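Architecture and fold: a report
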Amino acid sequence: MYIDKFKKIVIKIGSSTLIDKNGKPKKIWLKEFAKDIRNLVNKKKQIVIVSSGAIAIGCEYLGIKKNGLKVDKSQAVASIGQIELMDFYKNTFNKSKLKISQILLTLDDTEQRRRSINARRTIDNLLAMGVVPIVNENDTTATTEIKYGDNDRLAARVSQIISADCLILLSDVDGLYTDNPKKNKKIKFIKTVKEIDENIKKYATRTENLYGSGGMKTKIEAAKICQLSGCYMAIGNGNSMNPIKKIIENQKCTWFLPRVSKLDARKQWIIGSVAPKGEVIIDQGALDAIRNGKSLLPAGVKRINGNFEKGDHILVKDQNNVECARGLTSFSSSEVGKIKGSHSSKIKNILGYSSREEIIHKDDLVKV
Ligand code: GLU
């Protein structure tokens, strides 16, 4: 459908797509998938793969069960499984004359601007060399608090950082239904989503148990990141053979369309943040100012939640607790606690040192 017009495409492969119910890698599936990628590369498309499966393949290799693994053990298992995973890709992709590389990212690599730019540069260089980068989370160092945990959002953040045209999430269902097809016969299949409204969220909750480890929730969050960064996203069934070919031939899948006006790269990165450190609740005057493209000043801040440092990502919420913007704060949470409600001219007196006048400068602020 849309794929013909895309150049940079990210494809996320979940563990259940790559590994069968007995924990064995699906060799024929990957061989066929590599042929599809070869075809896309022949058409001058640049492909990045985000692949799960390190922990599942590690368990298979060690002969242990995945269920019930504690975090520290699964980190150790991931370090074993990641080499097996890459070995599987390398051997299979070689047969289609595709060169691959491994990129392991942590949450900090995408959430710190400088590191995210470095990641982009590396991936762009690999793509220029005709290589297919294969990305996974660096599970061996990521603990619960500093971890994505699901590759859906990681894939969306990578797509945003490298300015991909499209992200395809290969899942174990065809896409988004209005209800669980196993329970309700009158359900409808959603082909296109322009806006992630309350209805879409409701459908996602109803069908939650149909989806793999990340569930539908993380897929909708991924779609939100893509929409805001001007990237198309599709959810399609990865369990059949040649899923990419089928999506290209416009078989069943759900497309999430990007927001019409595209933000600049830095603002895309701000809005796509997956780990905001805190939030500020603002009054009506500040909300009006933000809507008119102005900065957020201390006078309009009513409350704060969370602990954050200067430069951190924070959410801006209105009086009804609805998110209205995101941005990079110029002050820590303890400083905001002291200056909230005050006129900007008083900041120096209150804090005892001179600083910026805005809590979030308009260049660091993006409306949701
Ligand atoms: N990074 C994990 C792995 O390779 C998978 C995370 C997910 O299931 O999305 O096993």
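Summarised in this report is the structure supplied together with it. Fair warning: this is a prediction, and the values are worked out from it, not measured in the lab. (Residues numbered from 1 in each chain as written. Predicted model: local features only at pLDDT ≥ 70, side-chain atom pairs only at ≥ 80, totals over all residues. Heavy atoms only, no water.)

Notes on empty space enclosed by the protein
Taken as a whole and judged by the stated rule, the model has one cavity of 30 Å³ or more. Size it by volume and the largest cavity reaches roughly 40 Å³. Residue lining of the largest cavity: L105, D109, T110, S116, A119, I123, V158, I161 and I162, and that is the complete set. Listed by contribution, the elements that provide at least two residues to the lining of the largest cavity are α5 (107–111), α6 (113–128) and α7 (151–161). Its residues placed into classes, the lining of the largest cavity shows six nonpolar, two polar and one charged. (1 Å grid on protein atoms, 1.4 Å probe; cavity = no way out; pocket = protein on both sides within 12 Å on 5 of 7 lines; lining within 4 Å. Points joined across faces, edges and corners; volume = space filled by probe spheres on them. Helix = DSSP H or I, 4+ residues; strand = E, 2+ residues; numbered from the N terminus. Nonpolar A, V, L, I, M, F, W, Y, C, P; charged D, E, K, R; others polar.)

Some words on the sheet that holds strand β5 (residues 166–171)
Within the open sheet, the eight strands sit side by side as β3-β4-β2-β1-β5-β9-β10-β8. Their pairing is mixed. At either end of the open sheet lies a strand with only one pairing partner, and these are β3 (100–105) and β8 (192–193). Across two bridges, the pairing between strand β2 (residues 46–51) and strand β4 (residues 132–137) is parallel. Among the inter-strand pairings, V50 is bridged to a residue of β4, identified as V135. (Pairing = 2+ DSSP bridges.)

A word on helix α2 (residues 27–42)
Because each turn of an α-helix spans 3.6 residues, side chains separated by three or four positions end up pointing in the same direction. Between its first and last C-alpha atoms α2 spans 23 Å; for 16 residues at 1.5 Å apiece the expected length is 22 Å, and the two agree. Just beyond α2, the residue with positive phi is K44, at close to 70 degrees. (Expected span 1.5 Å × (residues − 1).)

Observations concerning the site of the ligand
Near the ligand you find ten residues, and of these A54, I55, N136, D139 and N151 are the closest. Between the ligand and the protein, one listed contact pairs a nitrogen atom with a side-chain N or O atom of D139 at 2.8 Å. Relative to its free-state accessible area of 300 Å², the ligand is covered by the protein chains to the extent of 91%. Within the shell around the ligand, the residues separate by chemical class into two nonpolar, six polar and two charged. (Near = heavy atom within 4 Å. Polar contact = N/O pair within 3.5 Å; in protein donor to acceptor, adjacent residues only side chain to side chain. Areas by Shrake-Rupley, 256 points an atom, 1.4 Å probe, with all protein chains shown as cover.)

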